[in-house]
Amino acid sequence: MDEKSTDKAAQSLNAFGVSSYVTYLDVEEGLSANTIEAYMHNVNRYVSYLASKNIFSPSEVEKEHVTDYLYQLRRLGLSPNSVSRNFSALRSYHLFMFREGRVPGDPTETIEAAAHKRKLPDVLSIEETFRLLDAPDLSTALGVRDKAMLEFAYATGTRVSELVGMTIPNVLFKENVVRITGKGSKQRMVPLGSAAKENVKHYLNHIRGGLAGTSSKDVLFLNARGGPMTRMGFWKILRKYVIKAGITTHTTPHTLRHSFATHLLEGGADIRVIQELLGHSNVATTEIYTHIDREYLKEVHHNFHPRA
């Protein structure tokens, strides 16, 4: 590449949302530093390749660009396992960009040749979820806050960014709903179940005032210093209670959102209702939960059908 193309390639890292993707891997997926480094090495090399083809935005990427890149990796002598690991990173990246609403589609969605079976998101069972929700110590102020946060997250299926950005005026107790501002400032109304409502009201009436400080404003959930809860702060709190509850399923803040959707689907909720509750602009994003539901049905069939 010439100097002009090199400069444009550097700019494309920002255009491709790489820093946001790193934050997602760290905070929401909870991956190790080594795994994140490996993913970033693969994605950065991929972005550089796209720049060499004069592609400087993720919205310009098509399926053929991905398959051509994988072919180039094979030509370079990478093993099938190494190509597969590279593809896993690319699929993760493109799926992230699609779910964030930054691109209209996922160019890796129909590519099967280099991929293993698509990994479904981790989901807690209902029993595991209840153990997690019951883990906080309600004799302490922070335990009451943590209980309210966990109940709220599971009851509403919020993204972690929506959870920590929730403000008190958007919790409409009389109507038993929450007003959530999601991607692209799009608002949706989500019911607030009785358990979450009770715990959030108790936190507001008895705990939040003691935590509040000059930087609190009207943010619903505060940290121990009186400031707004952060994504990383919630992730650390969640991890503590996952360990305390003896849960071995890989659990991140997004796991509660996945569990919310899956438990609704297993209970008979319509996929388009779940789409609305999750704030997905495209039902295709929500359809991953039908895959989870099929896995659940197969498990039930295997466990209980006399001829399975």
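Shown above is the structure to which this text applies.
Here goes a summary of the coordinates provided.

Quick notes on the rules
Residues numbered from 1 in each chain as written. Predicted model: local features only at pLDDT ≥ 70, side-chain atom pairs only at ≥ 80, totals over all residues. Heavy atoms only, no water. Helix = DSSP H or I, 4+ residues; strand = E, 2+ residues; numbered from the N terminus. Buried < 20%, exposed > 50% of the residue type's maximum accessible area, 1.4 Å probe, protein only. Phe/Tyr/Trp six-rings, centres within 6.5 Å; stacked < 30°, edge-to-face > 60°. Core = buried A, V, L, I, M, F, W, Y, C linked by side-chain atoms within 4.5 Å. Contact = heavy atoms within 4.5 Å. Expected span 1.5 Å × (residues − 1).

## Describing the overall build of the protein
- Each helix and strand in the protein was counted, giving 15 helices and three strands.
- Classification of the 308 residues of the protein by burial places 47% in the buried group.

## Here's the deal with the packing of aromatic side chains
- By the definition in use, this model includes nine aromatic pairs.
- Summarising the aromatic geometry, the rings of Tyr-21 and Tyr-24 are spaced 6.3 Å apart at their centres and angled 25 degrees between planes, so their arrangement reads as stacked. Here Tyr-21 pairs with Tyr-24, and both are found in helix α2 (residues 18-28), just three residues apart, close to one helical turn.
- Judged by its relative accessible area of 0%, Tyr-21 is buried.
- According to the relative accessible area criterion, Tyr-24 is buried, its value standing at 11%.
- Between Tyr-21 and Phe-96, the aromatic rings sit 5.7 Å apart at their centres with planes inclined by 50 degrees, giving tilted as the arrangement. Placement of Tyr-21 in helix α2 and of Phe-96 in helix α5 (residues 80-99) is noted, with a sequence separation of 75 residues between them.

## Examining the nonpolar core
- Membership of the largest hydrophobic core comes to 45 residues, with the highest contact counts inside it found for Leu-132, Phe-152, Tyr-203, Leu-220, Phe-221, Phe-234 and Leu-256.
- At the level of elements, α6 (126-133), α7 (141-156), α8 (160-164), β2 (177-181), α9 (194-206), α11 (231-244), α12 (253-266) and α13 (271-278) are the ones that each hand at least two residues to this core.
- Ranked by the residues each element gives to this core, the list is headed by α7, at seven residues.
- When neighbours within four sequence positions are excluded, Phe-221 is seen to be in contact with Arg-145, Ala-148, Met-149, Phe-152, Leu-163, Val-200, Tyr-203, Gly-227, Pro-228 and Met-229.
- Core analysis: the next-biggest nonpolar cluster, separate from the first, contains 28 residues, Tyr-24, Met-40, Val-47 and Val-61 among them.

## Regarding α9
- Helix length check: α9 (13 residues) gives 18 Å between terminal C-alpha atoms against 18 Å at 1.5 Å per residue, within 8%.
- For α9, the elements touching its buried residues are α7 and α10 (208-211).

Honestly, it's all geometry; don't read function into it.
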